[in-house]
Amino acid sequence: MSKTFPKGFLWGGAVAANQCEGGYNEDGKGLSTQDIAPKGIFGPLTKEPTKDNMKLIGIDFYHRYKEDVKLFSEMGFKTFRTSIAWSRIFPNGDDKAPNEKGLQFYDDLFDECRKYGIEPLVTISHYETPLALSKNYDGWVNRKLIGFFENYVRTIFARYKDKVKYWLTFNEINSVLHQPYMSGGIFTDKEKLTKQDLYQAIHHELVASALAVKIGHEIMPKAQVGCMILGVPNYPLTPNPSDVLEAMKQDRENLYFADVQVRGVYPKYMDRYFKSNNVKIHMEPGDEAILKNTVDFVSFSYYMSSCATVDPEKKQASTGNIISGVANPYLQASEWGWQIDPQGLRYILNLLYDRYQKPLFIVENGLGAVDKLVVDENGNKTVIDDYRIKYLNDHLLQVGEAIEDGVEVMGYTTWGCIDLVSASTAELRKRYGFIYVDRNDDGTGTLNRYKKKSFNWYKEVIASNGKNLI
Ligand code: BG6
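Reference entry: report on the structure contained in this document.

Definitions and limits used
Along each chain, residue indices are assigned from 1 in the same order as the chain's sequence is written. The predicted nature of this model means local features are confined to residues of pLDDT at least 70 and side-chain atom pairs, given and counted, to a pLDDT of 80 or more, with totals for whole chains, interfaces and linings taken over all residues. Side-chain metrics in this entry use all non-hydrogen atoms of the structure; hydrogen atoms and water are not considered. What makes two strands pair is DSSP finding at least two bridges between them. Under the scheme used here, helices are H or I runs from DSSP no shorter than 4 residues and strands are E runs no shorter than 2 residues, and both carry numbers assigned from the N terminus. Axis geometry follows a simple rule: fit a line to the C-alpha atoms, using only the stretch in contact for helices, then measure angles between N-to-C directions, giving values from 0 to 180 degrees. Contact criterion: two residues are considered in contact whenever any of their non-hydrogen atoms come within 4.5 Å of each other. By convention in these notes, a residue is near a molecule or strand provided one of its non-hydrogen atoms lies within 4 Å of it. Polar contact is defined as a pair of N or O atoms within 3.5 Å, subject to the rule that within protein one atom must be able to donate a hydrogen and the other to accept it, and that residues adjacent in sequence are counted only when both atoms are side-chain atoms. In this description, accessible areas are obtained by the Shrake-Rupley approach with a 1.4 Å probe, and a residue is regarded as covered only by the protein chains that are shown. Three categories are distinguished: nonpolar for Ala, Val, Leu, Ile, Met, Phe, Trp, Tyr, Cys and Pro, charged for Asp, Glu, Lys and Arg, and polar for the others, with Gly belonging to the last. An angle below 35 degrees is read as roughly parallel, one above 145 as roughly antiparallel, one from 65 to 115 as roughly perpendicular, and any other as oblique. Each crossing gets its hand from how the near helix is turned against the far one by less than a right angle, where anticlockwise is left-handed and clockwise is right-handed. Summary of the burial criterion: residues with accessible area below 20% of their type's maximum are buried, those above 50% are exposed, and those between are partly exposed, where the area comes from a 1.4 Å probe applied to protein chains only.

## Description of the sheet that holds strand β7 (residues 297–302)
Read once around its circumference, the closed barrel built from eight strands follows the order β1-β2-β3-β4-β5-β7-β11-β14, with strand pairing classed as parallel. Direction aside, neighbouring strands of the sheet carry axes that sit 25° apart on average. Strand direction decides the pairing type here: strand β4 (residues 166–170) and strand β5 (residues 224–231), joined by three bridges, are parallel. In the strand pairing of β5, Y166 is matched with Q224. Most of the contacts of helix α8 (residues 195–219) go to β4, to which it runs at about 165°, and overall it touches β4 and β5.

Shown next, in the form of structure tokens:
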């Protein structure tokens, strides 16, 4: 079953600064929220960075990016998604002047990509708020963050305007509902955080995102700025109308972010939610006008779908990607309990396109698995990751189906195209890459890179523009 992908389709891979760069305190970088979270999203925080925090060294991309970009180019990447670590540019977030060495690093990285004809796709904020903004201001709860963010985006847009054409504002902006610290830099304990503060923080992020679109268009008329949501479609667990409505409700919890970013106004259904939860969004004069700066495209991550039900007895929670829901009896799960659902990708592509009629970009998809390094018949170290090939192949076939359904898809970047530290559990043994990195959770390893079997497979997918998918 071969599928036709459009000409110019942006094939590539994705990473985030905090999960791969390392060099957490080099060349003037300030600490970020990640540097005191050695156990990942749901784990406890430490007072200072501690040695067991795998992200402090990551995969040493900060020093080895040239070797890595060369490997991406060997696979034929058209695009490479990474993020800028805000605290490399503004170490405390509220500094007056940017850190030149931080700016230089991304100049070099983007130049290296362009050298091979790889288009950088850059996330402005990917779970790495400067720690000082989190501790001193409570992150996005404080309206001042909009000003600090504006400074940051003006700086990076002006600096990289000739090197970066595709930008994303906040990674998985809806994840703040579940992980206020990592996603929104909110230092207040999740349990103590009021809904009022949470939704006010979200409002600040939405205004800041729209402001970034506005400034982006002013500084770089040819650039495209997109939003990025964590995409988990919710299926009703049963045909019980109450389950159907529950699924709609859960979808809206996520989609309201994109609704604002694409349509430029709050959706009506949020009025009822705010009213029944006693939330009053404080809008400053001008906020509504700023929100009208809508995004050029919609990007999202997709790993799994979920089920919704109102029946407390059936709520047998499945573990999952930040948002955990009810297990689907028709699906199997990964080693980390994430339910594998390739058709769900076709479903969400159609859902988002029907809703927005904007170009869509799948900027994360992939399988986190334990890999075994072996020696092949030529004496090279490799990983025979047929499971990863199958996962990606099956999802890409569904992208092809969605394209045939009429959905406009700009591109596809697999998550963790090179092994990196996981976000939820901060482990390295949860590997996503086409490239194996020799580093283990106990800190051992040479940091050498090895091509997995999927490396050549993806190279073929790109070279054939998806025609070799089966
Ligand atoms: C997404 C994040 O939620 O999922 C990434 O944007 C993350 O940062 C990815 O790494 C996969 O999650 P995990 O926990 O397996 O790393």
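## Points about the site of the ligand
In the vicinity of the ligand lie 15 residues, with E172, A423, S424, K430 and Y432 positioned nearest. A distance of 2.4 Å separates an oxygen atom of the ligand from a polar atom in the side chain of S424. In the model, an oxygen atom of the ligand is placed 2.7 Å from a nitrogen or oxygen of the K430 side chain. Protein contact buries 99% of the 380 Å² of open area that the ligand shows by itself. Along the lines of polarity and charge, the residues of the shell around the ligand split into six nonpolar, six polar and three charged.

## Brief notes about the packing of helix α6 (residues 144–160) against α8
Describing two packed helices takes the angle between their axes plus the distance from one axis to the other. Two elements in contact, α6 and α8, have axes separated by 10 Å at closest approach and are oriented at 25°. The angle between α6 and α8 places the two elements in the roughly parallel class. In this structure, α6 crosses over α8, and the sense of that crossing is right-handed. Facing I146, F149, E150, V153, R154, F157 and A158 of α6, the residues of α8 in contact are H204, V207, A208, L211, A212, I215, G216 and I219. In terms of residue class, the contact of α6 with α8 is made up of 11 nonpolar, two polar and two charged.

## Section: the environment of A463
With respect to the helices and strands, the residue A463 is situated in helix α14 (residues 453–463). Its relative accessible area of 65% is what places A463 among the exposed residues. Taking C-alpha positions, A463 is 9.8 Å from W11, a pair spaced 452 residues apart along the chain.

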